[in-house]
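Okay, here's what each chain looks like letter by letter:
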Amino acid sequence: MTTRPEFPGAGFMRLAMRLARKGAGRTAPNPAVGAVVVRGGRVVGSGYHHAAGLPHAEIEALRRAGSAARGADLYVTLEPCDHRGRTGPCTAAILAAGIARVAYAMEDPNPAVSGRGARRLRDAGVVVHRGLMEAEARELNRGFCCWVVSGRPFVTLKLAVSLDGQIAAAGGDSRWITGEAARRRVHRMRSEADAVLVGGETARRDDPTLTARVPRGHDPRRVILTSRPAELARGKVFREPGGEVIVACPKSVPERDVRAVRDAGALVLRLQARGGAVRARDFLAALGSEGVTSLLVEGGGRIAGWLAAEGAIDRYVVFVAPLLLGEGIRAVSGWASRSPSAGKCLAFTSVRRVGPDIEITAEPTSRD
């Protein structure tokens, strides 16, 4: 006799989480979600959200399960929605399919809808469990969780530095400070982000493509913040395939300069500037209004310093190479603290080896 497995089952939620990761970077402004239908201890249907406007993970899983969904369990990485957006509410589909029990990892962070899906299911007699692998689900959807509450993307600053804190040699050459394994990791980070950002100086000096060279990967939208947009119109970001190009610049930039990149194919965001400088919060709000929920910042030092000084960075990922450059280009520039006690305080969240290099992850924290 087959015994029905104890509910909930972490193994099935782990499978749902692996499915959800397939949508990372592709679903904005929606979250990445995976779902698994289980009956008699066996997976009878599974799915994940592929892109905004396409069926949600639960709908995919229920379609694959068919009639086997009646009386089955559903594992899903996010609370099923109970509102109509581009698609119908998932709660209605779950009830129509006859699902008996639902386990979801995290509550919908949208204050307007949080908890509604679970209440609808419970009111209809479905057994509901919340919180299985919640931390993993929140980490996967850190961009969506930030954007849906604040309207701005989750900002990750990536730095590749020598042991003495330089991102390039004195002559400007930065290829290659870190090893191949770290560079592969950065391309995976790009593939999982909605957009990647560089400043105009970096774009002109390095002429990057800003694509994610990952098998079956996703190319992020490519964002350049500059006061001299016309000089970018012949860059590789326009000549080579990749994600949409977004050029952000002050409103004071002449229309003819804006037209040069717009004609090249860019979406142009013209931002209010005070004293010639754009506020980080205005820049991030503009990206958020375009559906960017996660932003990977890749250069250069002034962009990093500007965002850090304004407290706009949510996570720092620093790849440190066993290399000394002496004089060079600093990783973070454009601002200075008067004393160590006045500096930006961070907390290390992870440290690991990546080939010959070290990857350090840190997040802002308040001083005790």
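Keep in mind that this is a model prediction, so the values were computed, not measured. (Residues numbered from 1 in each chain as written. Predicted model: local features only at pLDDT ≥ 70, side-chain atom pairs only at ≥ 80, totals over all residues. Heavy atoms only, no water.)

A.B. asks: Help me understand the pairing of strand β10 (residues 245–250), please; the structure alone is not making it clear to me.
C.D. replies: Each regular strand shows side chains that alternate between the opposite faces of the sheet. Most of β10 sits inside the fold, with six of its six residues counted as buried. Note: strand β9 (residues 221–225) against β10, four bridges, orientation parallel. For L225, the partnering residue across the bridge sits in β10 and is A248. Bridge count between β10 and strand β11 (residues 267–271): five bridges; the pairing is parallel. Considered in β11, the bridge of P250 is made with L271. Each parallel crossover has a hand, and the one from β10 via helix α10 (residues 255–263) to β11 is right-handed. (Buried < 20%, exposed > 50% of the residue type's maximum accessible area, 1.4 Å probe, protein only. Helix = DSSP H or I, 4+ residues; strand = E, 2+ residues; numbered from the N terminus. Pairing = 2+ DSSP bridges. Right-handed = clockwise from strand over helix to strand, strands pointing away.)

A.B. asks: Help me understand the sheet that holds strand β8 (residues 195–199) in this model?
C.D. replies: Hydrogen bonding along the main chain pairs the strands of a sheet, whether they run parallel or antiparallel. A sheet is described by the order of its strands in space; here nine strands give the open sequence β11-β10-β9-β8-β14-β6-β15-β18-β17, paired in mixed fashion. On the outer flanks of this sheet lie β11 and β17 (346–354), each paired with one strand and no other. Pairs of neighbouring strands in the sheet enclose a mean axial angle of 20°, with direction left out of account. Summarising the sheet, strand β15 (residues 315–320) and strand β18 (residues 357–364) pair through five bridges and their orientation is antiparallel. What sits directly across from V320, in β18, is I358. Along the sheet, α10 contacts β10 and β11; its crossing angle with β11, the most-contacted strand, is approximately 150°. (Axes fitted to C-alpha atoms, helices over the stretch in contact; angles between N-to-C directions. Contact = heavy atoms within 4.5 Å.)

A.B. asks: I keep staring at the sheet that holds strand β1 (residues 34–39) and nothing clicks. Help me out?
C.D. replies: A sheet is described by the order of its strands in space; here five strands give the open sequence β2-β1-β3-β4-β5, paired in mixed fashion. Bordering the open sheet on either side are β2 (42–48) and β5 (127–130), each of which pairs with just one other strand. Taking the axes of each pair of neighbouring strands and ignoring which way they run, one obtains an average angle of 15° across the sheet. Note: strand β3 (residues 73–78) against strand β4 (residues 101–106), five bridges, orientation parallel. Bridge pairing in β4 links L78 to M106.

A.B. asks: What's the story with the packing of aromatic side chains in this structure? I'm lost.
C.D. replies: How two aromatic rings sit relative to each other is given by the distance of their centres and the angle of their planes. For the structure on display, the rule yields three aromatic pairs. An angle of 45° between the planes, with centres 5.4 Å apart, marks the rings of F12 and Y75 as tilted. You can see F12 sitting in helix α1 (residues 10–21) and its partner Y75 sitting in strand β3, a full 63 residues away along the chain. Across the pair, Y75 and F12 agree in class, each one buried. (Phe/Tyr/Trp six-rings, centres within 6.5 Å; stacked < 30°, edge-to-face > 60°.)

A.B. asks: Would you explain the nonpolar core in this entry?
C.D. replies: Generally speaking, nonpolar side chains in soluble globular proteins are found buried as a group. Membership of the largest hydrophobic core comes to 43 residues, with the highest contact counts inside it found for M13, V37, Y75, I99 and V102. Counting residues per element, this core draws most heavily on α1, which supplies six residues. Apart from residues no more than four positions distant in its own chain, Y75 is found in contact with F7, P8, G9, F12, M13, A16, G34, A35, V36, V38, A103 and L132. With 33 residues, the next largest nonpolar core counts L159, V161, A280 and Y316 among its residues. (Core = buried A, V, L, I, M, F, W, Y, C linked by side-chain atoms within 4.5 Å.)

Remember, this is a structural readout, not a statement about activity or role.
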